[in-house]
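Examination of the molecular architecture
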Amino acid sequence: MPRLLRGAVLLLLLLAFLDLKAPLPGRVVYLLDFSPSAREGVFALAERLPKEGVYVAFAERAVRLPAPTARRLDLGERTDLKAAFEGAARLRPSRVVLVSDGLLEPLPPPFPLDVIHVPPKVHVDVRLVPPPYPLFGETVGVGVVLEAPLPTEARLRVEGPGGVLERSLRVEGRKSLTYTFPLSEEAEVRAVVEGPWGRSEAQVRLAPADRPKALVLGDPALARYLEVQGFRVEEGPFRVPLEADLVAVGLGVLDLPEGAPEVLRDYLRRGGGLLFTATAKGLFFGGWDRALPEDLPLKPLGRKGAALVLVLDVSGSMEGEKLSMAVAGALELLRSAAEEDYVGVVLFSSTPRVLFPPRPMTAQGKKEAESLLLSVRAGGGTVLGPAFREAVRLVQGVPVERKGILVLSDGLISDAQEPLLALAEGSGLEVSAMALGPDADRAFLQALAERGGGRYYQAAAPRELPRLFLKEGQEVFQGEGLEGRFPVAVKAHALTQGFAPPPLAVLLPARAEPWAEVLLESSNRAVLALGERGEGRVAALATDLSRSWRGWEGAAPFLGGLARYLVGGRRSLALYAYPQAGGVRMVVLGRLENPILLSGGKEVPLVPTGPVRHEVWVSEPGVLREGKRQIPLALPLPGEWTPYPGEKVLQEMAEASGGRVLRLQDLGLAPPAWVALRPYLLALALFLFLLERYQEARAGALARTRPPEASGP
């Protein structure tokens with residue numbers, strides 16, 4: 001007996017080593033795809049499915065069915081394979097059979113999976129994808145996405161603020177169109193697709209995500225036009241920092257606070273939008289071609305030069321802060337002059353000295369003049385006469401029509417005053433005067449300006465001098481405007497398409513800078529030019545809107561489009577979506593500081609991958625948050641009718657799990673459940689081994705207790 005048991009144990013161990021399997025009846029779970037694209041094909045197979053199986057139907061959720069012919073239409077409109085696998089796993093199956101059309105995101109099964117492919121329903125699905133961040137008044141595009149798992153003919157009709165769009169088309173896979181219209185209020189777009197399968201519909205409502213803010217300075221006419229176009233308009237004051245998407249300037253440099261040109265330049269370079277208009281105080285009249293020479297797209301055309309000689313008091317009382325600020329003001333005067341202008345400086349104290357005679361303010365001329373001004377020192381008395389007469393002589397010899405003299409003093413003039421007043425009156429020049437401080441001879445200086453036909457300035461403190469000098473330069477070196485009737489020619493550009501502006505009533509002759517693009521012109525003179533500087537956009541309009549285009553109905557939409565284009569450099573945001581396995585890769589193009597995506601209850605930071613470019617991977621819709629902006633993201637996640645290669649998807653899932661693809665004729669046979677015999681063989685071998693040991697132990701015990709046999713005599 002022990003030998004027999006020992007032989008049986010060895011045999012069982014050999015069989016366990018061979019890993020034999022036996023076909024035993026097991027629990028087979030059938031997963032039936034009841035999503036809209038597959039349910040008709042699955043219903044058609046219901047009578048051919050084995051009655052002894054366990055059945056789970058699924059779409060967006062999974063439920064157990066009492067029989068394969070049972071039907072459920074309340075499981076949702078999409079396919080969630082994860083819910084199906086979880087429902088099957090709870091039943092502890094020995095085998096799972098998936099019956100589906102394969103229009104789903106593949107998912108690794110947690111058990112061996114056999115698959116049966118059914119053809120999807122002939123159908124065309126329609127989805128509407130709104131723009132992510134539509135602005136008031138901008139032309140927006142709503143994406144119309146058609147998807148068909150099988151090629152089919154369809155008729156499309158889209159209705160909305162842009163009218164009716166009708167198409168007859170063949171849909172194979174995915175097809176996209178764009179429905180565009182200007183967004184001026186909350187709008188609804190509706191799409192209907194009809195064909196042999198029936199009718200599909202979609203609709204979307206969208207409203208302006210935000211209204212851009214415009215700060216308009218000194219141009220009420222432009223402010224009204226922009227308000228009509230939906231901008232939130234503020235008409236001043238000029239505050240730092242500039243919290244606006246667009247700054248429109250119809251005032252002069254001196255009408256704004258000190259340092260305004262530098263603030264506007266920085267605002268533009270960091271992505272802001274700037275628009276200059278030719279009001280009575282704006283553009284060239286306001287000195288912007290001198291204050292922002294590198295950032296203004298228009299420059300004066302055919303301007304006549306002017307000459308100005310500064311007669312500067314350098315007596316002992318000017319020493320210190322007064323002289324420093326006077327020199328700083330003179331430097332501002334130089335910078336405000338154009339190449340065709342002439343500037344000279346004559347110093348006076350006890351004796352006169354010509355620092356430099358009137359010279360053209362070219363780049364080299366300005367550089368040399370600045371060097372000489374920085375070398376000036378104070379000392380001596382206050383004798384004006386010889387210096388004033390020398391200034392008159394110098395400026396009269398300059399070959400320009402407009403000529404002027406500016407006298408600055410902080411004390412009492414020690415020489416005879418009447419001859420100087422008479423010379424100012426009879427010279428034919430514009431003689432202006434500037435009194436600095438309480439000790440200046442104000443009565444004489446004011447009389448000098450009145451007799452000379454110029455302007456009188458009074459500076460209570462030295463720090464006021466630079467802006468007063470700049471103001472006098474603006475008076476002398478000003479441009480000229482033309483009045484009349486000036487026809488406008490339109491250049492080809494997206495902003496001018498469909499517009500035909502009427503003639504202008506007033507025009508500042510201008511030329512465009514080489515880096516700027518001309519949109520409107522009149523007789524080879526630029527009327528409107530724009531360009532990019534740094535990260536922002538700037539435009540200049542060489543007409544006064546309060547006098548031109550007053551009766552033109554297209555003025556508001558044209559100027560609104562121009563303003564939105566300028567704003568676009570600051571606010572534009574482009575979103576691109578690339579569907580990938582399990583989600584979508586979002587690419588965001590725009591100037592974002594610290595963007596965060598809120599999706600699935602989590603905050604996901606966007607990764608910067610280049611200049612003004614960020615990326616993020618998402619698996620469900622969310623909200624893009626950047627500062628105060630909240631931008632809903634309607635992602636193109638795979639839909640129920642997204643045309644996946646269904647048969648291939650199912651085959652790959654089955655092969656990866658150790659399963660197989662079943663044919664239709666196999667449906668009547670329940671797939672065998674193969675059970676591994678190794679655990680059972682090892683258990684039986686162990687039992688026999690222990691039994692053998694037990695019998696051997698018992699036999700030994702009996703031998704020891706048996707009495708010994710008696711021996712013979």
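Everything in this summary refers to the structure shown in the same document. Predicted model only: the values in this text are computed from it and were never measured. (Residues numbered from 1 in each chain as written. Predicted model: local features only at pLDDT ≥ 70, side-chain atom pairs only at ≥ 80, totals over all residues. Heavy atoms only, no water.)

A word on the overall build of the protein chain. Of the regular secondary structure elements, the protein chain holds 15 helices and 38 strands. By the compact-globule yardstick of 27 Å for 713 residues, the protein chain is too spread out, its C-alpha radius of gyration being 45 Å. At a minimum sequence separation of 6, the contacts of the protein chain that also span at least 24 residues come to 66%. Only carbon and sulfur atoms are counted for the fraction: they give 53% of the accessible area of the protein chain, which is about 33800 Å². One way to put it: in the protein chain the 83 positive side-chain charges average out to a point 8 Å from where the 83 negative ones average out. (Helix = DSSP H or I, 4+ residues; strand = E, 2+ residues; numbered from the N terminus. Rg over C-alpha atoms; globule rule 2.2 N^0.38 Å. Contact = heavy atoms within 4.5 Å. Areas by Shrake-Rupley, 256 points an atom, 1.4 Å probe, with all protein chains shown as cover. Lys, Arg positive; Asp, Glu negative; His and termini not counted. Charge placed at Lys NZ, Arg CZ, Asp CG, Glu CD.)

What follows deals with helix α9 (residues 385–396). Counted at 1.5 Å a residue, the expected span for α9 with its 12 residues is 16 Å, and the 17 Å between its end C-alpha atoms agrees. For α9, the set of buried residues is Gly385, Ala387, Phe388, Ala391, Val392, Leu394 and Val395. (Expected span 1.5 Å × (residues − 1). Buried < 20%, exposed > 50% of the residue type's maximum accessible area, 1.4 Å probe, protein only.)

Okay, the pairing of strand β9 (residues 163–182) next. The pairing of strand β8 (residues 139–160) with β9 spans 19 bridges and is antiparallel. When the bridges of β9 are listed, Ala154 appears paired with Leu169. Between the antiparallel neighbours β8 and β9 lie two residues. (Pairing = 2+ DSSP bridges.)

Across the sheet, which stays open at both edges, the four strands sit in the order β33-β32-β36-β37 with antiparallel pairing between neighbours. Of all strands in the sheet, those with a lone pairing partner are β33 (602–605) and β37 (629–633), marking the two edges. Neighbour to neighbour, the strand axes of the sheet diverge by 25° on average, direction disregarded. As paired elements, strand β36 (residues 622–626) and β37 share five bridges and run antiparallel to each other. For Gly622, the partnering residue across the bridge sits in β37 and is Leu633. (Axes fitted to C-alpha atoms, helices over the stretch in contact; angles between N-to-C directions.)

A cluster of like negative charges, contributed by Glu60, Glu77, Asp80 and Glu86, occupies part of the molecular surface. Mapped onto the secondary structure, Glu86 falls in helix α3 (residues 81–89). (Patch = residues over 30% accessible without salt bridge, like charges linked within 9 Å, V, L, I, M, F, W, Y side chains within 5 Å. Salt bridge = Lys/Arg side-chain N within 4 Å of Asp/Glu carboxyl O.)

Ranked by internal contacts, the top residues of the largest apolar core, which has 68 residues, are Phe276 and Trp549. In terms of residues, this core owes the most to one element, helix α13 (residues 555–571), which gives eight residues. Once residues within four sequence positions are removed from consideration, Phe276 is found in contact with Val249, Leu283, Trp288, Leu292, Leu296, Val538, Ala539, Ala540 and Leu541. If you look at the next biggest cluster of nonpolar residues, it comprises 34 residues, including Ala330, Met361, Leu406 and Phe477. (Core = buried A, V, L, I, M, F, W, Y, C linked by side-chain atoms within 4.5 Å.)

Applying the stated criterion across every chain yields a total of 10 aromatic pairs. Taking 5.1 Å as the distance between ring centres and 85° as the angle between the ring planes, the aromatic pair formed by Phe34 and Phe43 counts as edge-to-face. Each member of the pair, Phe34 as well as Phe43, carries the same accessibility label: buried. Centre to centre, the rings of Phe85 and Phe111 are 5.5 Å apart; their planes meet at 80°, and the pair counts as edge-to-face. Within this pair, whereas Phe85 is found in helix α3, its partner Phe111 is found in the loop between β5 (95–100) and β6 (113–117), the two being separated by 26 residues in sequence. Just above the ring of Trp515 sits the side chain of Arg533; from NZ or CZ to the centre is 4.0 Å. Lying over the aromatic face of Tyr565, Arg537 brings its terminal NZ or CZ to 4.3 Å of the ring centre. (Phe/Tyr/Trp six-rings, centres within 6.5 Å; stacked < 30°, edge-to-face > 60°. Lys NZ or Arg CZ within 6 Å of the ring centre and 35° of its normal.)

Before going further, it helps to spend a moment on the pattern of salt bridges. In this structure the tally under the stated criterion is 41 salt bridges. Note that Arg455 is salt-bridged to Glu430, the shortest N-O span being 3.2 Å. With Arg455 in strand β22 (residues 453–459) and Glu430 in strand β21 (residues 430–436), this residue pair connects regions lying 25 residues apart in the sequence. Residues joined in a network through salt bridges with shared partners are Arg155, Arg190, Glu194, Arg199 and Glu201.

Where α9 meets helix α10 (residues 418–426), the closest approach of the two axes is 10 Å, and the angle between their N-to-C directions is 10°. On the basis of their axis angle, the class for α9 and α10 is roughly parallel. Here Gly385, Phe388, Arg389 and Val392 of α9 come into contact with α10, specifically with Leu420, Leu423 and Ala424. (Parallel < 35°, antiparallel > 145°, perpendicular 65-115°, else oblique.)

Moving on to the sheet that holds strand β17 (residues 306–313). Spatially, β19-β18-β17-β20-β21-β22 is the arrangement adopted by the six strands of the open sheet, whose pairing is mixed. Each edge of the open sheet carries a strand with a single partner, namely β19 (352–360) and β22. Shown here is a sheet whose adjacent strand axes are inclined to one another by a mean of 15°, direction ignored. Pairing between β17 and strand β18 (residues 342–348): seven bridges, direction parallel. Paired with Leu308 across the two strands is Val343, which belongs to β18. The strands touched by helix α8 (residues 363–373) within the sheet are β18 and β19, with β19 carrying the most contacts at an inclination of about 165°.

Let us look at helix α5 (residues 260–269). Among the residues of α5, those classed as buried are Ala260, Pro261, Leu264, Tyr267 and Leu268. End-on view of α5: buried residues confined to an arc of 125°, all on one side of the axis. Directly after α5, the chain includes Gly271, whose backbone phi takes a positive value near 115°. (Arc of directions from axis to C-beta.)

Within the secondary structure layout, Val97 lies in strand β5. Note: C-alpha distance between Val97 and Tyr30 (67 residues apart in sequence) is 4.7 Å.

Along the chain, Gly236 connects to Pro237 via a cis peptide bond; the corresponding omega equals 0°. Topologically, Pro237 is positioned in the loop between β13 (232–234) and β14 (246–249). For the bond running from Val240 to Pro241, omega is 5°, close enough to zero to count as cis. As for its position among the elements, Pro241 is in the loop between β13 and β14. At Arg92, a position not held by glycine, the phi torsion is positive, near 50°. Relative to the helices and strands, Arg92 is located in the loop between α3 and β5. Overall, the relative accessible area of 72% leaves Arg92 in the exposed class. Positioned with a positive phi, Ser523 is a non-glycine residue whose angle comes to about 50°. Within the fold, Ser523 resides in the loop between β27 (517–522) and β28 (525–533). According to the relative accessible area criterion, Ser523 is exposed, its value standing at 56%.

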